[in-house]
Amino acid sequence: MPLNTEPNFREAGHRYFQAYSPGDDFYEALIDTHRDLSDEQSAMVNARLILLLANHIGDIGVLREAMAIAREGV
């Protein structure tokens, strides 16, 4: 299964009227997650979030592809 890099945000039972709205909701939740944290705490939350989502995805090939894309241009 290849990595999906197209917008793919959604929330069960929630109807959106603009295509970008689910992405905005995700971004707002991510910012809220980091609110009032120190830089060190924020880095720890990011690391934990990455590991949780990687475990959820589970496909090593997809994860390798995501890591390679994430490194591009850094």
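Check the entry above for the structure.
Residues numbered from 1 in each chain as written. Predicted model: local features only at pLDDT ≥ 70, side-chain atom pairs only at ≥ 80, totals over all residues. Heavy atoms only, no water.

Looking at helix H3 (residues 60–71)
For step 1, the next point in the chain: Taking 1.5 Å of rise per residue, 12 residues should cover 16 Å, and H3 covers 17 Å from first to last C-alpha, within 8% of that figure.
For step 2, the next point in the chain: Its side-chain oxygen at 2.9 Å from the backbone nitrogen of Gly 61, Asp 59 defines the N-terminal cap of H3.
For step 3, the next point in the chain: Gly 73 sits one or two positions beyond H3 and adopts a positive phi of about 75°. (Helix = DSSP H or I, 4+ residues; strand = E, 2+ residues; numbered from the N terminus. Expected span 1.5 Å × (residues − 1). Polar contact = N/O pair within 3.5 Å; in protein donor to acceptor, adjacent residues only side chain to side chain.)

Focus on a nonpolar patch on the surface
For step 1, the next point in the chain: Together, Phe 9, Phe 26, Tyr 27 and Ile 31 make up a nonpolar patch on the protein surface, roughly 420 Å² of accessible area in all.
For step 2, the next point in the chain: Residue placement: Ile 31 occurs in helix H1 (residues 21–34). (Patch = residues over 30% accessible without salt bridge, like charges linked within 9 Å, V, L, I, M, F, W, Y side chains within 5 Å. Areas by Shrake-Rupley, 256 points an atom, 1.4 Å probe, with all protein chains shown as cover. Salt bridge = Lys/Arg side-chain N within 4 Å of Asp/Glu carboxyl O.)

Structural notes on a negative patch on the surface
For step 1, the next point in the chain: Taken together, Glu 11, Asp 24, Asp 25 and Glu 28 make up a surface patch of like negative charges.
For step 2, the next point in the chain: Looking at the element boundaries, Glu 28 is found in helix H1. (Lys, Arg positive; Asp, Glu negative; His and termini not counted. Charge placed at Lys NZ, Arg CZ, Asp CG, Glu CD.)

Structural notes on the layout of surface pockets
For step 1, the next point in the chain: Volume-wise, the largest pocket comes out at about 970 Å³.
For step 2, the next point in the chain: Lining the largest pocket are 24 residues, with Leu 3, Asn 4, Leu 53, Ile 57 and Ala 66 sitting closest to its centre.
For step 3, the next point in the chain: Mapped onto the lining of the largest pocket, the elements with two or more residues apiece are H1, helix H2 (39–57) and H3. (1 Å grid on protein atoms, 1.4 Å probe; cavity = no way out; pocket = protein on both sides within 12 Å on 5 of 7 lines; lining within 4 Å. Points joined across faces, edges and corners; volume = space filled by probe spheres on them.)

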